[in-house]
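# Fold and contact review
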Amino acid sequence: MTARDQYGNGVLSVSFVDFILSGSSTGIINPSPPLNFFGSSSVTFTVRDTVAGSFSVRAESQSDPDISGQSGLITISPDPATISIAKVSGDATGVIAGTDQLLRVNVSDNFANPIAGDSVRFIVRSGGGNLGGADSVDVATDAAGNTEATLTTGLTAGTNIVTALRISDVSDSVQFSVVTVSGGVSYYTLTPAGDSTIVAGDSIAYTLRAFDQFDNAVANNDTVSLTAVGSTTAGFSPGPYLFAGNDSLTFRVSDTTAGTFTARADNNNNPAVSVQSGLITILPGNATTIIRLSSADSINVGGDRLLQYALEDIYGNRLSDSLVTFRRFNGNGVFSNGLDNIDTLTNASGIAQANYTASDVFSFGEDSIEINYGTLYDTLSLPLRSSLVSYYTLSPP
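A short tour of the structure in this document, coming up. (Residues numbered from 1 in each chain as written. Predicted model: local features only at pLDDT ≥ 70, side-chain atom pairs only at ≥ 80, totals over all residues. Heavy atoms only, no water.)

### Here's the deal with the overall build of the chain
We apply this condition: Put simply, DSSP H or I for four residues or longer makes a helix, DSSP E for two residues or longer makes a strand, and each gets a number counted from the N terminus. Both definitions apply: the radius of gyration is a C-alpha atom measure, and the globule rule equals 2.2 Å times residues to the power 0.38. Think of it in three bands: residues with accessible area under 20% of the maximum for their type are buried, residues over 50% are exposed, and the middle band is partly exposed, with areas taken using a 1.4 Å probe on protein chains only. Counted as positive: Lys and Arg. Counted as negative: Asp and Glu, with His and the chain ends omitted from the count. For the purpose of locating charges, the reference atoms are NZ of Lys, CZ of Arg, CG of Asp and CD of Glu.
Scanning the chain from terminus to terminus reveals zero helices and 34 strands. A compact globule built from 397 residues should have a C-alpha radius of gyration of about 21 Å, whereas the chain, at 39 Å, is more than 25% larger. With the C-alpha coordinates aligned to their principal axes, the bounding extent of the chain is approximately 110 × 85 × 25 Å. The 397 residues of the chain split such that 37% are buried. On the chain, the mean spot of the 17 positive side-chain charges and the mean spot of the 37 negative ones are 2 Å from each other.

As structure tokens, then:
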């Protein structure tokens, strides 16, 4: 780096210079900035990076940031001398014979820079499987250095061996081992298969059936575990959940909490064999309780108050979209509609709300309001209290 005047002449300087790497968070400048010219017109430094990409170096005077200079674009390429292939995923045991297993590899240099567009060949070595119907397949790595191939394992239980190698360097390779089992259950189905809706406290019956990879029902002695996904209160009929030589078993599931969840069945010997039901929706049951949420304290004559009541079923679930009636039967107060009664639907939180204006005559003593939903009701008594002084009268007038 050379300090120059406006005419391009070298200038002796003692300034300190900072550096900014635009486009890189991993680049390293040596020696570490800030750098000082120490009376010279130039100073030498190096910049390096281990992450492939492009960036530029900007130098700024500490005393005057307007004095600066910027390099051209510096491009960092992966190190071709250290490129290698590595397994990402694919080794497995307990895979059902004849089913697919995804094999993934990554190609990168020693600094973990991905190598895009590198050709990789997957080759079936043993086990009777195939790669898209062939014994080998060539694929290219993507921008992240990843590529993959799907192995269809052999129909005979045993070990499937597949080699993945770089075509540009066949000695650079990895080997996959996929161990399969025969005669096992490949998948389950649940009936009913779609979404279901029941009322809190009720239950729904499911039939679980076992099939092999060729869609044949399989009689077996496996056991399964049942899980309610999305609910901590759902319960199942008593186990154990055992096929006992049959190709199906039945169970029931219920919940007392309104909401949604699914039921999942997992094979205890092979967790890869699993099925999940459609969405189970639990609706609140019939309302059994009407709950006062707003204050029953005394109210100013002519004052306003928001009255709130909730409807709950026997399990404490609140009911939405339910019509609640508020009716004032003592006093002359009115609701927001100007009447002595109003109907209102409970909201999504199961709460019915009504804006009420109290009687304007203190001698009523209290306003009495009945709140009811079907056979459920509550009586709300609001003692009246005088408002603030508004004017005086004199007697005799």
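### With respect to the nonpolar core
To keep it simple, the criterion reads: Working definition of a nonpolar core: buried Ala, Val, Leu, Ile, Met, Phe, Trp, Tyr and Cys residues. They are joined through side-chain atoms within 4.5 Å. We call two residues in contact whenever any of their non-hydrogen atoms come within 4.5 Å of each other.
Formed by 26 residues in total, the largest nonpolar core has its most connected members in Tyr-188, Leu-208, Val-224 and Phe-251. Those elements giving two or more residues to this core turn out to be β17 (187–191), β19 (203–211), β20 (224–229), β22 (248–254), β23 (259–267) and β25 (280–283). Looking at this core element by element, the count peaks at four residues for β19. Sequence-distant contacts of Phe-251, that is, excluding residues within four places in its chain, are made with Leu-190, Ile-204, Ala-205, Tyr-206, Leu-208, Leu-226, Phe-236, Ser-237 and Tyr-241.

### Examining the side chain of Ser-56
Our working definition: Here a polar contact means two N or O atoms within 3.5 Å. Within protein one must be a hydrogen donor candidate and the other an acceptor candidate, and residues neighboring in sequence count only if both atoms are side-chain atoms.
By the secondary structure assignment, Ser-56 is in strand β5 (residues 53–61). Within the local environment of Ser-56, its side chain forms a polar contact with the side chain of Gln-70, the two groups lying 3.2 Å apart. Excluding anything up to four places from it in sequence, Ser-56 contacts Ile-20, Leu-21, Ser-22, Gln-70, Ser-71 and Gly-72.

### Considerations on the pairing of strand β15 (residues 159–166)
If a strand is regular, its side chains alternate between the two faces of the sheet. The condition is simple: Note on pairing: two strands pair once DSSP finds at least 2 bridges between them.
For β15, the buried fraction is high: seven of the eight residues fall into the buried class. With six bridges connecting them, strand β11 (residues 119–126) and β15 associate as antiparallel partners. Within β15, the residue paired with Ser-126 across the bridge is Ile-161. For β15 and strand β16 (residues 169–181), the ladder comprises eight bridges, and the chain directions are antiparallel. The residue bridging Thr-163 from the neighbouring strand is Gln-175, located in β16. The loop that links β15 with its antiparallel partner β16 comprises two residues.

### Notes on the sheet that holds strand β12 (residues 130–131)
The strand order β8-β10-β14-β12 describes an open sheet built from four strands, whose pairing is antiparallel. The open sheet terminates on both sides in strands that have one partner only, identified here as β8 (84–89) and β12. With seven bridges connecting them, strand β10 (residues 100–108) and strand β14 (residues 146–152) associate as antiparallel partners. Bridging across to β14, Gln-101 finds its partner in Leu-151.

### Some points on unusual backbone geometry
Residue Pro-34 is bonded to the preceding Pro-33 through a cis peptide linkage, with omega at 5°. Residue placement: Pro-34 occurs in the loop between β2 (28–30) and β3 (35–36). Cis geometry marks the peptide bond from Gly-239 to Pro-240, where omega comes out at 0°. Positive phi, normally seen in glycine, also occurs at Ala-112, with a value near 65°. Along the chain, Ala-112 turns up in the loop between β10 and β11. A relative accessible area of 59% places Ala-112 in the exposed class.

### Here we look at the packing of aromatic side chains
What counts, and what does not: A pair of aromatic rings is counted whenever rings of Phe, Tyr or Trp (Trp by its six-membered ring) have centres within 6.5 Å, and the orientation is called stacked for planes under 30 degrees apart, edge-to-face for over 60 and tilted otherwise. Cation placement over rings: the criterion is NZ of Lys or CZ of Arg within 6 Å of the ring centroid and within 35° of the ring normal.
Evaluated as defined, the whole model comprises nine aromatic pairs. With a centroid separation of 4.6 Å and 55° between ring planes, the pair formed by Phe-19 and Phe-45 is classed as tilted. Here Phe-19, found in strand β1 (residues 16–22), pairs with Phe-45, found in the loop between β3 and β4 (46–48); they are 26 residues apart in sequence, far enough to count as distant. Phe-45 gets classed as partly exposed once you look at its relative accessible area, which sits at 23%. Members of the aromatic cluster, each reached through a chain of ring pairs, are Tyr-309, Phe-326, Phe-335 and Tyr-356. Its guanidinium or amino end placed over the ring of Phe-176, Lys-87 lies 5.6 Å from that ring's centre, counting from NZ or CZ.

### So, the sheet that holds strand β13 (residues 136–140)
Rules: Inter-axis angles, ranging from 0 to 180 degrees, are taken between N-to-C directions of lines fitted to C-alpha atoms, where helices are fitted over the stretch in contact.
Reading across the sheet, the five strands line up as β9-β16-β15-β11-β13 and stay open at both edges, with mixed pairing between neighbours. The sheet is open, and its two borders are formed by β9 (92–96) and β13, each paired with just one other strand. Within the sheet, the average angular offset between the axes of one strand and its neighbour, ignoring direction, is 30°. In terms of strand pairing, β11 meets β13 through five bridges, oriented antiparallel. Of the residues in β13, the one forming a bridge with Ser-119 is Ala-140.

### Points about the side chain of Asp-313
Short version of the rule: We define a salt bridge as a side-chain nitrogen of Lys or Arg found within 4 Å of a carboxyl oxygen belonging to Asp or Glu.
Within the secondary structure, Asp-313 is located in the loop between β28 (304–312) and β29 (323–330). Comment: no salt bridge for buried Asp-313; closest opposite-charge side chain is Arg-318, at 9.4 Å. In terms of polar contacts, Asp-313 uses its side chain to reach the backbone amide nitrogen of Tyr-315, at 2.8 Å. Not counting chain neighbours up to four residues away, the residues in contact with Asp-313 comprise Ala-200, Pro-284, Gly-285, Asn-286, Ala-287, Thr-288 and Leu-319.

### Focus: the pattern of salt bridges
Opposite charge on two side chains makes pairing possible when the charged atoms of those side chains draw close. Under the counting rule described, the total for this entry stands at 11 salt bridges. Residue Glu-60 pairs with Arg-58 through a salt bridge whose shortest N-O separation is 2.8 Å. Close ionic contact of Asp-378 with Arg-292 constitutes a salt bridge, the shortest N to O distance being 2.9 Å. Placement of the pair is Asp-378 in strand β34 (residues 376–385) and Arg-292 in strand β26 (residues 289–292), with a sequence separation of 86 residues. Taken together, the shared-partner salt bridges in this structure form one network comprising Asp-118, Arg-166 and Asp-172.

Honestly, it's all geometry; don't read function into it.
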